[in-house]
Amino acid sequence: MDSNKQNIKSFLEILLKHKNNPSYRSYITIKNAMELFSIPFGTIRIKANTPLFRCRLHEKNNQLFRKISEISHRRDLLNINEFGRANEPMQSIFYCSTNRETALFEKSQIERNEVEIPTEEMTYGKWILQEDIYVANLPLIPSKIGINPIADKLHYSFEKIVSELENEETVDWKKVLNTFSLEFSREAPGNDLNYFVSCAF
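An account of the accompanying structure is given in this report. (Residues numbered from 1 in each chain as written. Predicted model: local features only at pLDDT ≥ 70, side-chain atom pairs only at ≥ 80, totals over all residues. Heavy atoms only, no water.)

Tallied over the entire structure, the rule returns nine aromatic pairs. With a centroid separation of 5.3 Å and an interplanar angle of 75°, the aromatic rings of Phe83 and Phe196 are classed as edge-to-face. Taken as a pair, Phe83 in the loop between β2 (51-57) and α3 (100-107) and Phe196 in helix α6 (residues 196-200) lie far apart in primary sequence, 113 residues in all. Taken individually, Phe83 and Phe196 each receive the classification buried, so the pair is uniform in this respect. (Phe/Tyr/Trp six-rings, centres within 6.5 Å; stacked < 30°, edge-to-face > 60°. Helix = DSSP H or I, 4+ residues; strand = E, 2+ residues; numbered from the N terminus. Buried < 20%, exposed > 50% of the residue type's maximum accessible area, 1.4 Å probe, protein only.)

Next comes the structure, spelled out in structure tokens:
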């Protein structure tokens, strides 16, 4: 087995060994392992003037939100005590989507089957990008295909590129990227430590 293939295999073994181990030592191990490798992944440019959507669910009996700060990213950093899908404790991330329906789905307790309630209320926020930004492009897991048209297009573009350049190494790195994608889609109700891999990435 050549060194690159062995390194990728070892990297995946580290991820799988530590991702379900509820200790901060495991998180540091995962994060440091990622920094040791040059992980190839595609990036996409989201152009200026693109709308970004974000939702916030209303708590029971809450009044409507009146300020942008109430539906934007959190600013009370000292009160962020848990891992999120892409944030560490005391770190605030602006979670959003280029697709309005995806933003709704991500926050809806009804859509996600978290609770059985007849109705729910939420507030949409719409932001407009002032400049181009670049974001990582990961393949979609099967259950996420068909939700966001832009994500679908990127997914099939990724699959086409991989098939055109396919060799043993690209196949192995695709396994790594599929693992990242699966971890980003992972639910972690009541256990923020399940976000170790997606947060480290």
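There is more to say, and it comes next.
So, about the pairing of β2. Of all seven residues in β2, five are buried; the element is thus mostly enclosed. Pairing geometry for β2 and strand β3 (residues 122-128), over seven bridges, is antiparallel. Among the inter-strand pairings, Leu52 is bridged to a residue of β3, identified as Trp127. (Pairing = 2+ DSSP bridges.)

Here we come to the layout of surface pockets. Gaps between atoms show up when a probe of the same size as a water molecule is rolled over them. Size it by volume and the second largest pocket reaches roughly 330 Å³. Of all the secondary structure elements, the ones that give two or more residues to the lining of the second largest pocket are β1 (42-46), α4 (149-164) and α5 (168-184). Classifying every residue of the lining of the second largest pocket gives ten nonpolar, six polar and two charged. (1 Å grid on protein atoms, 1.4 Å probe; cavity = no way out; pocket = protein on both sides within 12 Å on 5 of 7 lines; lining within 4 Å. Points joined across faces, edges and corners; volume = space filled by probe spheres on them. Nonpolar A, V, L, I, M, F, W, Y, C, P; charged D, E, K, R; others polar.)

The next point concerns helix α2 (residues 24-36). In this model, α2 (13 residues) spans 19 Å end to end at C-alpha, consistent with the 18 Å of a helix rising 1.5 Å per residue. Inspection of α2 places Ser26, Tyr27, Ile30, Ala33 and Met34 among the buried residues, and these make up the whole buried set. Viewed end-on, α2 has its buried residues packed into an arc of 130°, placing them on one side of the element. In α2, those exposed residues whose orientation departs by more than 90 degrees from the buried face are Tyr24, Arg25, Glu35 and Leu36. (Expected span 1.5 Å × (residues − 1). Arc of directions from axis to C-beta.)

Turning next to the state of the cysteines. One pass over the full model with this rule turns up zero disulfides. Free of any disulfide, Cys55 has its nearest cysteine sulfur in Cys96, 11 Å distant. Relative accessible area serves as the criterion here: at 6%, Cys55 is assigned to the buried category. Free cysteine Cys199: the closest other cysteine sulfur is in Cys96, separated by 17 Å. With relative accessibility at 10%, the residue Cys199 sits in the buried group. (Disulfide = S-S within 2.5 Å.)

Here we take up a nonpolar patch on the surface. Taken together, Leu77, Leu78 and Met90 make up a surface patch of nonpolar side chains, about 320 Å² in accessible area. Mapped onto the secondary structure, Met90 falls in the loop between β2 and α3. Its relative accessible area of 49% is what places Met90 among the partly exposed residues. (Patch = residues over 30% accessible without salt bridge, like charges linked within 9 Å, V, L, I, M, F, W, Y side chains within 5 Å. Areas by Shrake-Rupley, 256 points an atom, 1.4 Å probe, with all protein chains shown as cover. Salt bridge = Lys/Arg side-chain N within 4 Å of Asp/Glu carboxyl O.)

Distances and angles like these do not, on their own, reveal function.
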